[in-house]
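# Survey of secondary and tertiary structure
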Amino acid sequence: MTDPTQLLPAWLTAVKFNDDGLLPAIAQDHQSGRILMMAWMNAEALQLTAQTQTAVYFSRSRAKLWHKGETSGHTQQVHDIRLDCDADVIVLSVTQIGGIACHTGRESCFYQRLDTSGASPQWQAVDDILKDPAAIYGAAHNATEQKNLVDHSIETEDTNKVLSSTSTVNSANRADTKQPSNTTSESILQQLDKVLNERKQADADSSYVASLYARGLNKILEKVGEEAIESIIAAKDLANNNALTDKNQYDAARHELIYEVADVWFHTLVALAWFDIESDVVLSELGRRFGLSGIDEKASRQSWAINS
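## Focus on unusual backbone geometry
Phi at Gln53 takes a positive value of approximately 60 degrees, unusual for a residue other than glycine. Note on Gln53: relative accessible area 34%, which makes it partly exposed.

Structure (structure tokens):
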């Protein structure tokens with residue numbers, strides 16, 4: 001059997017990728033030296049970056065290559081590529097086209113500074129938003145670009161903080177991993193209820209969810225609709241794949257559907273929290289319906305509407 005490393009150029013075999021075939025890549029401004037962002041690369045992404053002199057990353061959530069700025073136009077021109085002493089981290093010296101590296105519309109993804117001057121340290125957003133993300137990605141924030149950026153987006157951080165606090169899956173690319181036996185869906189939803197309620201009172205710049213609440217109900221409902229459409233597309237894509245024909249492609253499509261449905265659930269909970277409706281109320285309603293005929297349930301609702 002041929003060793004896969006023999007297919008790679010010699011310089012690339014010197015790089016130590018992790019067990020998933022990835023390594024962290026840090027983008028640094030060529031002129032100022034400021035750290036702009038961190039993303040992941042696989043061997044193909046690194047090779048394309050070297051060949052094209054533009055940054056190409058690998059999206060773990062979507063399991064595909066991601067050409068930085070392919071939608072926003074905020075590409076990165078690569079001047080220099082450096083490998084650290086352990087050969088497992090890459091630093092790119094780049095010119096950031098448009099001056100915006102972060103999906104929040106800021107120069108850098110590292111815009112939060114830990115303020116230790118008070119009794120309790122707090123993260124504070126210290127960089128200005130140079131351009132409204134809606135103006136960059138369109139009214140719906142362009143779903144494709146947002147998904148490509150999810151590896152370092154605030155939305156993922158908000159969701160994963162809740163999931164990790166209940167000892168369940170703490171990253172999007174493990175969405176279909178079985179939960180520990182001591183973790184229930186109810187406890188996860190209760191944790192989400194708590195976090196979402198806190199986000200309603202938080203500064204708009206402190207998290208993705210807080211920014212949604214600051215922008216109002218219409219923006220939240222827009223996201224619910226957007227994620228629902230993406231779930232439909234993912235379901236159709238899975239239906240068009242065959243595990244017997246291409247297992248890897250089928251698994252990727254299956255994961256995509258799980259990921260998109262999780263997004264729908266999450267944003268629906270955000271919408272419910274807007275009205276101070278907790279998830280256990282919905283669970284109770286589902287419990288009430290359990291064992292009932294769907295036909296009878298529909299008829300009872302129609303009767304209720306007529307008599308109201």
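## Thoughts on the sheet that holds strand 2 (residues 35-41)
In spatial order, the strands read 2-1-6-5; together these 4 strands make up an open sheet with mixed pairing. Two strands bound the open sheet, and with one partner strand each, they are strand 2 and strand 5 (76-83). Between one strand axis and the next, the sheet turns by 25 degrees as a mean value, whatever way the strands run. In the sheet, strand 1 (residues 23-29) pairs with strand 2 via 6 bridges, with the strands oriented antiparallel. When the sheet's bridge partners are listed, Ala27 is paired in strand 2 with Met37.

## Details of helix 2 (residues 43-52)
Taken residue by residue, helix 2 has Ala43, Ala45, Leu46 and Thr49 as its buried positions. Turning to helix 2, the residues buried within the fold contact helix 1 (10-13), strand 2, strand 3 (56-59), strand 4 (64-67), strand 5 and strand 6 (90-96). Positive backbone phi, approximately 60 degrees, marks Gln53, located one or two places after helix 2.

## Notes on the confidence of the model for the protein chain
Chain-level pLDDT for the protein chain is 81 on average; 79% of the residues reach the 70-or-more range. Counting interchain partners and residues more than four positions distant, the pLDDT-below-50 stretch residues 1-5 has 1 contact.

## Remarks on the environment of Glu285
If you trace the backbone, Glu285 turns up in helix 10 (residues 279-289). With relative accessibility at 28%, the residue Glu285 sits in the partly exposed group. Within polar-contact distance, the side chain of Glu285 engages the side chain of Arg288 at 2.7 Å.

Definitions and cut-offs
Residues numbered from 1 in each chain as written. Predicted model: local features only at pLDDT ≥ 70, side-chain atom pairs only at ≥ 80, totals over all residues. Heavy atoms only, no water. Buried < 20%, exposed > 50% of the residue type's maximum accessible area, 1.4 Å probe, protein only. Pairing = 2+ DSSP bridges. Helix = DSSP H or I, 4+ residues; strand = E, 2+ residues; numbered from the N terminus. Axes fitted to C-alpha atoms, helices over the stretch in contact; angles between N-to-C directions. Contact = heavy atoms within 4.5 Å. pLDDT = per-residue confidence, 0-100. Polar contact = N/O pair within 3.5 Å; in protein donor to acceptor, adjacent residues only side chain to side chain.

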